[in-house]
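Residues per chain are reported as follows:
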Amino acid sequence: MASEKSLVAVTCTAPVNIAVIKYWGKRDEDLVLPINSSLSVTLHQDQLKTTTTAAISKDFTEDRIWLNGREEDVGQPRLQACLREIRRLARKRSSAGEEDPLPLSLSYKVHIASVNNFPTAAGLASSAAGYACLAYALARVYGVESDLSEVARRGSGSACRSLYGGFVEWQMGERADGKDSIARQVAPESHWPELRVLILVVSAEKKPMGSTAGMQTSVETSPLLRFRAESVVPARMAEMTRCVQERDFQGFGQLTMKDSNQFHATCLDTFPPISYLSDTSRRIVHLVHRFNAHHGQTKVAYTFDAGPNAVVFTLDDTVPEFVAAVRHCFPPESNGDKFLKGLPIRPAPLSDELRAALDVDPTPGGVKYIIATQVGPGPQTLDDQHAHLLGPDGLPKPAA
């Protein structure tokens, strides 16, 4: 912890997670309690992460927050809910008399600076990483050691899943107060080392309707969503947990695709209907099914969140051939060298048989770029002073 005596600052990083059994719909908007449980894969922070510095000082006159260098409104309700919750936990801890009490710093205002190393609001789960990181950093700064599911969840439901690495389930819980609606790790990041994740970025634009408004409308108008939550998801959670534990890629891949498709079906069943997928998204779906049919087994699997970008799961030995297939169907527009980001991928030729099986008219530039990544760990604290995004004065450091 840095201490300019008057200033206490902590810097943390947190990962993006991708749900393979989707969360869509709240039973309590205020407490952010879901209508069904969900299961996700935590992505590696070498490729995608949020970094957040939280600092408290007796000299600060108000809470302030900067996202990607721009000051934002600290009064937004989700952010306030997080701050209230973490301060409540800190008070609870100091009144319990554990270690040295912290009554002073509890009244201090906080400055928060946060940056993503990927486009915000482009359907890359930036709010999940952001709020998990915020909860984790605030907990460190206020000396809170309890479960942070509730703090993160109040910011963004799926954020509670980014508090752990590996494979994570968010249990919907039964209680009205939400105390049992928590995230827990199903398997650690080391559990399935061959698993790879390819993010096919179709568009880095902001989406037409955010998740919060979208899922509220779905809950109000979609009978299919209710059926999904009550009659489909419970068995799928059990089955997905088994597939992960047994490293059954066939089962994992098929269920991941089916659950993504059903989530998007509930969006179409919403009134008026919501469509998050683009023509390119649908072409990727088609490509994946053709690729698998050619091999006679499920070798790659797609999932889409509330946006057009595809997240593709596969095993490391399939990556080169599938990337070649994507290049064939979506020839890069001139940025050939910048088309592949993240983990290195050895080039592989496309066989004539596979090319014939794909049977596509190429769509140049349909996929902007691919981020290759893998399963990764949960939030980390950075001990390096230079990592702080806020200077000794509590204001963002000028961009290097």
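Predicted, not measured: the structure shown is a model, and the values here were computed from it.

In this structure, Ser181 sits in the loop between β11 (167-170) and β12 (183-187). A polar side-chain atom of Ser181 sits 3.4 Å from the main-chain carbonyl oxygen of Gln171. In terms of polar contacts, Ser181 uses its side chain to reach the backbone carbonyl oxygen of Met172, at 3.1 Å. Contacts of Ser181, omitting those with residues within four sequence positions, involve Leu33, Pro34, Ser149, Arg153, Trp170, Gln171, Met172 and Gly173.

A separate point is the sheet that holds strand β14 (residues 300-304). Strands sit in the order β14-β15-β13-β17-β16 across an open sheet of 5 strands; the sheet is mixed. Where the open sheet ends on each side, the last strands, each with one partner, are β14 and β16 (340-342). Mean inter-strand twist for the sheet, computed between neighbouring axes without regard to direction, equals 25 degrees. Bridge analysis of strand β13 (residues 195-201) against strand β15 (residues 310-315) gives 6 bridges, and the strand direction is antiparallel. Bridge pairing links Val197 to Phe313 in β15.

Take helix α9 (residues 319-329) next. Of all 11 residues in α9, 9 are buried; the element is thus mostly enclosed. Taken residue by residue, α9 has Val319, Pro320, Glu321, Phe322, Val323, Ala324, Ala325, Val326 and Cys329 as its buried positions.

A word on the pairing of strand β2 (residues 7-15). Counting buried positions over the 9 residues of β2 gives 8, a clear majority of the element. Taken together, the 3 bridges between β2 and strand β18 (residues 380-382) define a ladder with antiparallel strand orientation. When the sheet's bridge partners are listed, Thr13 is paired in β18 with Gln380.

To continue, consider unusual backbone geometry. Across the junction of Phe271 and Pro272, the peptide omega takes the value -5 degrees, indicating a cis bond. Turning to its location among the elements, Pro272 is positioned in the loop between α7 (249-269) and α8 (279-295). At Arg247, a position not held by glycine, the phi torsion is positive, near 50 degrees. Here Arg247 is to be found in the loop between α6 (223-245) and α7. Overall, the relative accessible area of 42% leaves Arg247 in the partly exposed class. Phi angles above zero are rare outside glycine, and Asp359 is one such case at about 45 degrees. Inspection of the secondary structure assignment puts Asp359 in the loop between α10 (352-358) and β17 (369-374). Accessibility expressed as a relative area gives 54% for Asp359, which makes it exposed.

Procedures and definitions
Residues numbered from 1 in each chain as written. Predicted model: local features only at pLDDT ≥ 70, side-chain atom pairs only at ≥ 80, totals over all residues. Heavy atoms only, no water. Helix = DSSP H or I, 4+ residues; strand = E, 2+ residues; numbered from the N terminus. Polar contact = N/O pair within 3.5 Å; in protein donor to acceptor, adjacent residues only side chain to side chain. Contact = heavy atoms within 4.5 Å. Pairing = 2+ DSSP bridges. Axes fitted to C-alpha atoms, helices over the stretch in contact; angles between N-to-C directions. Buried < 20%, exposed > 50% of the residue type's maximum accessible area, 1.4 Å probe, protein only.

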